[in-house]
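# Survey of secondary and tertiary structure
For reference, the chains in residue letters:
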Amino acid sequence: MGKGFKTAAILLIVALFAAIVSACGNKNGSGGGGKVSVGIVLPTKDETRWLQDEERFKAALKDTKYSTEILFSQGSSAKEKENVETLINKGIKVLIICPFDGNAAAAAVESAKKEGITVISYDRLITNTDAVDYYVTFDSISVGAAQAQYLVDHSKGGGQPLYLYAGAASDNNAFLFFEGAWNVLQPKIADGSFKIANSSEAEALKGKAKLSREEMSKIIGQVTTNWDPNEAKNKAQTHLTAAAADMKGDVLVLAPNDGTARSIADVFHSDGAITSAVITGQDAEKATGQYIIDGKQSMTVFKDVRTLVKDAIGMAVDILDGKKPQTTGEYDNGQIKVPSKQTPVITVDKDNIKKELVESGYYQAGDFQGL
Ligand code: BGC
């Protein structure tokens, strides 16, 4: 064998080896068709909550030895299914997925399950399928309860007007949030301390302490924001236009999350007949931090996404290492009881925002003005 040929052969082997290594080491969503161990699918970039999750996932994944990729479904179940197929083709062993629509996502995770992939439902439960292995979530019933408790604690009583808003009916969490809130609000509505301003369905059910899913569907169908700030704004405008004088003055507003709360707050504060409005939210979004400091939104429920991300990755790594992940409870998804790990939430308003959101390192003091 000639010397030139030998050198060429060695170069070829080196090049091949480099190609294999680079294909295997496709870390943190660089794309390019390589092997991926953990696939992460998030519902949309349009609801700002999920940008928090992306950022926190990226920060947490810097230290894992496993390759990962994050894909967004842009509010489409078809795109979500396509994302899952893409990740299956990249050889994922674990799928962490927050569904856009909890029911529609069943088909996507069933195809992952067929390939022997372990499925972790993230924040939102995937419903009516047995193809979900684990669920990592915040305590969503207590999110709604915390919002409602804040309204109770800051109410003036005496038949104070209460405006109800809810999340998207395609999201199982919207039901959990509403259930938690109803548990706390219903006795106050029933005893006349609060009067419902904008939902005939809720008014018709005000005597019932526990609502069925169908009953909640009726109310949510009427006051849904679909998690869309524009829809929330339009609904709030319609409600205030229709409201009689006795439904104005000092009011209470159950707003389901920060994105919708800020637009609802803008509408309520621009109505001259509203003298004060206690307005809830959730997610501790940066923009809401400023609204709370400025007195435009009253509170938010802080769901520390760092913890949820840590739990989801911890679970994925356990699975990849052949260990059984630890769980703390279970959630019924309509077909099976899904083993779950749940994280508590914290009520934040102007009194503790500095401690909870800045001193905890979640945000920087410089992110806010007038803190
Ligand atoms: C999440 C909330 C979020 C909402 C809209 C819910 O499933 O739990 O944190 O605000 O979806 O994206």
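Keep in mind that what you see is a predicted model, and the values were worked out from it rather than measured. (Residues numbered from 1 in each chain as written. Predicted model: local features only at pLDDT ≥ 70, side-chain atom pairs only at ≥ 80, totals over all residues. Heavy atoms only, no water.)

## Some details on unusual backbone geometry
Unlike most non-glycine residues, Gln-74 shows phi in positive territory, near 50°. Position of Gln-74 among the secondary structure elements: in the loop between β2 (68–72) and α3 (77–89). (Helix = DSSP H or I, 4+ residues; strand = E, 2+ residues; numbered from the N terminus.)

## Points about empty space enclosed by the protein
Throughout the structure, instances matching the rule amount to three cavities of 30 Å³ or more. Size it by volume and the largest cavity reaches roughly 120 Å³. Around the largest cavity, the lining is made up of 13 residues, and of these Arg-49, Trp-50, Arg-124, Asn-257 and Asp-283 lie nearest the centre. Those elements that provide at least two residues to the lining of the largest cavity are α2 (49–61) and α6 (172–190). Of the residues that constitute the lining of the largest cavity, the class distribution is three nonpolar, three polar and seven charged. When residues of the lining of the largest cavity are assigned to domains, at least three map to each of domain 1 (33–132 + 305–343) and domain 2 (140–302 + 347–367). (1 Å grid on protein atoms, 1.4 Å probe; cavity = no way out; pocket = protein on both sides within 12 Å on 5 of 7 lines; lining within 4 Å. Points joined across faces, edges and corners; volume = space filled by probe spheres on them. Nonpolar A, V, L, I, M, F, W, Y, C, P; charged D, E, K, R; others polar. Domains from an automatic or database assignment.)

## Details of α3
Helical geometry: 3.6 residues make up each α-helical turn, so side chains three or four residues apart lie on a common side. The end-to-end C-alpha distance of α3, which contains 13 residues, comes to 18 Å, matching closely the 18 Å that a straight helix rising 1.5 Å per residue would cover. Residues Glu-80, Asn-83, Val-84, Leu-87 and Ile-88 constitute the buried set of α3. Seen end-on, α3 carries its buried residues on one side only, within an arc spanning 140°. Exposed and oriented more than 90 degrees from the buried face of α3 are Ala-78 and Asn-89. Where α3 is buried, its residues meet β1 (38–42), β2, β3 (94–97) and α4 (105–114). For α3, the side-chain oxygen to backbone nitrogen distance between the N-cap and Ala-78 is 3.3 Å, and the N-cap itself is Ser-76. Just downstream of α3 lies Gly-91, where phi reads positive at about 85°. (Expected span 1.5 Å × (residues − 1). Buried < 20%, exposed > 50% of the residue type's maximum accessible area, 1.4 Å probe, protein only. Arc of directions from axis to C-beta. Contact = heavy atoms within 4.5 Å. Polar contact = N/O pair within 3.5 Å; in protein donor to acceptor, adjacent residues only side chain to side chain.)

## Quick look at the site of the ligand
Every one of the 13 residues lining the ligand counts as a neighbour, but Glu-47, Asp-123, Arg-124, Asp-171 and Asp-283 are closest to it. Measuring from an oxygen atom of the ligand, one finds a side-chain N or O atom of Asp-283 at 2.6 Å. Summarising the interface, the protein chains cover 100% of the accessible area of the ligand, which totals 310 Å² for the free molecule. Assessed atom by atom at 2 Å from the grid points, the ligand resides in the largest cavity. (Near = heavy atom within 4 Å. Areas by Shrake-Rupley, 256 points an atom, 1.4 Å probe, with all protein chains shown as cover. Sits in = over half its atoms within 2 Å of the grid points.)

## Things to note about the pairing of strand β8 (residues 249–254)
Counting buried residues in β8 gives five out of six residues, a clear majority hidden from the surface. Bridging between strand β6 (residues 160–164) and β8 involves three bridges; their strand directions are parallel. Considered in β8, the bridge of Leu-164 is made with Leu-254. Note: β8 against strand β9 (residues 274–279), five bridges, orientation parallel. For Val-253, the partnering residue across the bridge sits in β9 and is Ile-279. Once you follow β8 into helix α10 (residues 258–269) and on to β9, the crossover reads as right-handed. (Pairing = 2+ DSSP bridges. Right-handed = clockwise from strand over helix to strand, strands pointing away.)

## Quick look at helix α11 (residues 286–293)
Every buried residue of α11 is accounted for by Thr-288, Gly-289, Gln-290, Tyr-291 and Ile-292. Each element contacted by the buried residues of α11 is listed here: α10, β10 (299–302), β13 (346–349) and α13 (353–358). Directly after α11, the chain includes Gly-295, whose backbone phi takes a positive value near 75°.

## Digging into the layout of surface pockets
Reported here for the largest pocket is a volume of approximately 220 Å³. Surrounding the largest pocket, 14 residues form its lining, Gln-52, Glu-55, Glu-285, Lys-286 and Tyr-363 being those nearest its centre. Listing elements by their share of the lining of the largest pocket, those giving two or more residues are α2 and α11. The element contributing the most residues to the lining of the largest pocket is α2, with four residues. No fewer than three residues from each of domain 1 (33–132 + 305–343) and domain 2 (140–302 + 347–367) sit in the lining of the largest pocket. Taken as a whole, the second largest pocket holds about 170 Å³ of empty space. Taken together, Tyr-150, His-154, Ala-277, Val-278, Ile-292, Gly-295, Gln-297, Ser-298, Asp-349, Lys-350 and Asp-351 form the lining of the second largest pocket. Considered class by class, the residues forming the lining of the second largest pocket number four nonpolar, four polar and three charged.

## Thoughts on the packing of α6 against helix α8 (residues 213–223)
Here α6 crosses α8 at 95°, and the two axes come no closer than 11 Å. Accordingly, the angle class assigned to the pair α6 and α8 is roughly perpendicular. Along its contact with α6, which presents Asn-172, Ala-174, Phe-175, Phe-178, Glu-179 and Trp-182, the element α8 presents Arg-213, Met-216, Ser-217, Ile-219 and Ile-220. Its residues placed into classes, the contact of α6 with α8 shows seven nonpolar, two polar and two charged. (Axes fitted to C-alpha atoms, helices over the stretch in contact; angles between N-to-C directions. Parallel < 35°, antiparallel > 145°, perpendicular 65-115°, else oblique.)

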